Amino acid sequence: MACTSCSTSDGSSPRGCKNNGTCGTDSCNKLTVFDWLSNMSPANGETPFDCIEVRFKNGRKEFYRNTEKLTLSIGDIVATEASPGHDIGIVTLTGELVKIQMKKKGVNPDSAEIQKIYRKASQKDIDIWSDSRDKEEPMKVKAREIAIALKLQMKISDIEFQGDGSKAIFYYTAEDRVDFRQLIKEFAQVFKTRIEMKQVGFRQEASRLGGIGSCGRELCCSTWLTDFRSVNTSAARYQQLSLNPQKLAGQCGKLKCCLNYELDTYLDALKGFPDFETKLYTEKGDAICQKQDIFKGLMWFAYTDNFANWHVLKIDQVKEIVEQNKQKIRVSALEDYAIEIVAEPEANFNNAMGQESLTRFDQPRKKKNNNNKKRKPNTNSNSNPNQNSNQNQNPNPNPNQNRQNKKPIISKKNEQKK
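Residues numbered from 1 in each chain as written. Predicted model: local features only at pLDDT ≥ 70, side-chain atom pairs only at ≥ 80, totals over all residues. Heavy atoms only, no water.

- Per an unreviewed UniProt entry, the protein chain is named Cell fate regulator YaaT (PSP1 superfamily), and its organism is Flavobacterium dankookense.

In structure tokens, the structure reads:
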């Protein structure tokens, strides 16, 4: 969902809209809404809806009233009413869809508490807004250092400046209530601005900051999910998932919201199953359920005196045995009802491409043979070539023979000196 400013038509890197994470055209930001009524004009004699949806940093959206009858479209930067001063945001939705969004979030369109839009932002407003946004990251690092120095059990997750730079909102998370009166004094003394503290939950923090989930996609809470419903471990039990906290927890540290997505489907499928605590009474002994397969409609039972051997039964067979047990009739054995599951053949993947083994680098290297060392060259230039051939044939020559070979060499040098 990228806009035209992120295109790579010239073959180079994307240009981008240079808004540092807030898309100027509102097509690749968080919690986007597609205005499918944008090409439709209002009915005859009907005035367009006067409320506008405006987005701020990290997906924070508010509704404002267009009292000045400004011609606004998606992506326009506007100056809105704030307390005190004004704020700068981007228009994300106009028209009749704003009324639907307000109804969805429980906002009364006729309320007098809805603030108004002042004007379209000028270049001076945008420059002040941009300078304030650049201060947020170094200020967050400094604020965390101050909170650690005061030994407060809290985490400052994000800082948002007001559009005119007159106020900074500090978002923090904490397990318990925190007394940050001294912290506000320190912040006001260091940052020289008005301070406002807002506590958010761990899921709200993850939705504001965003990230990539274990599925490889962007977090649901930062892209489209707006209502955070409670999730408990029973949702994992109904779906027969292992109760591993590391796999069931998301980036917020809580249970993943996606555990509720397919829960209703599993509950509907389990309606046709006998209770998991069902006991089957046979002449061979009592049997209890060990496992269920919701997709195949199978149940595994084991005798109470032999939990090692499991017997697979279909749902209809289990119901039939239960009906007989209600009439105080014991069946002979589970083996008469059990079905045999044919083991699926293992898929043997051959190396069709002729590639080498991936573990070829894991094998230990063979030791090199150090016997094949280079021999030192013979420094004697007047040696006999026949002597060299004899040395190659006889690797262990007689030392007396070497002395006899050296004598004539010495005598020749003496003759030359005379």
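Examining the nonpolar core
For soluble globular proteins, the rule of thumb is that nonpolar side chains tend to be buried together.
Right, so step 1: If you look at the biggest cluster of nonpolar residues, it comprises 20 residues, and the most contacted ones within it are M154, I156, F170, L183, F187 and M197.
Right, so step 2: Only α2 (123-149), β6 (155-161), β7 (167-173), α3 (181-191) and β8 (194-199) provide two or more residues apiece to this core.
Right, so step 3: The dominant element in this core, judged by the number of residues it contributes, is α2, at four residues.
Right, so step 4: Setting aside anything within four residues of it in sequence, one finds M154 in contact with Y172, T173, A174, V178, L183 and M197. (Core = buried A, V, L, I, M, F, W, Y, C linked by side-chain atoms within 4.5 Å. Buried < 20%, exposed > 50% of the residue type's maximum accessible area, 1.4 Å probe, protein only. Helix = DSSP H or I, 4+ residues; strand = E, 2+ residues; numbered from the N terminus. Contact = heavy atoms within 4.5 Å.)

Section: the state of the cysteines
Right, so step 1: Across all of its chains, the model carries zero disulfides by this definition.
Right, so step 2: Here C252 stays free of any disulfide, with the sulfur of C257 as its closest cysteine sulfur at 6.4 Å. (Disulfide = S-S within 2.5 Å.)

Some remarks on helix α8 (residues 263-270)
Right, so step 1: Residues of α8 that are buried include every one of L263, Y266 and L270, and no others. For α8, the angular spread of the buried residues around the axis is 65 degrees, confining them to a single face. Facing away from the buried surface of α8 by more than 90 degrees, the exposed residues are D264 and T265.
Right, so step 2: The elements touched by buried residues of α8 are α6 (233-238) and β10 (286-293). (Arc of directions from axis to C-beta.)

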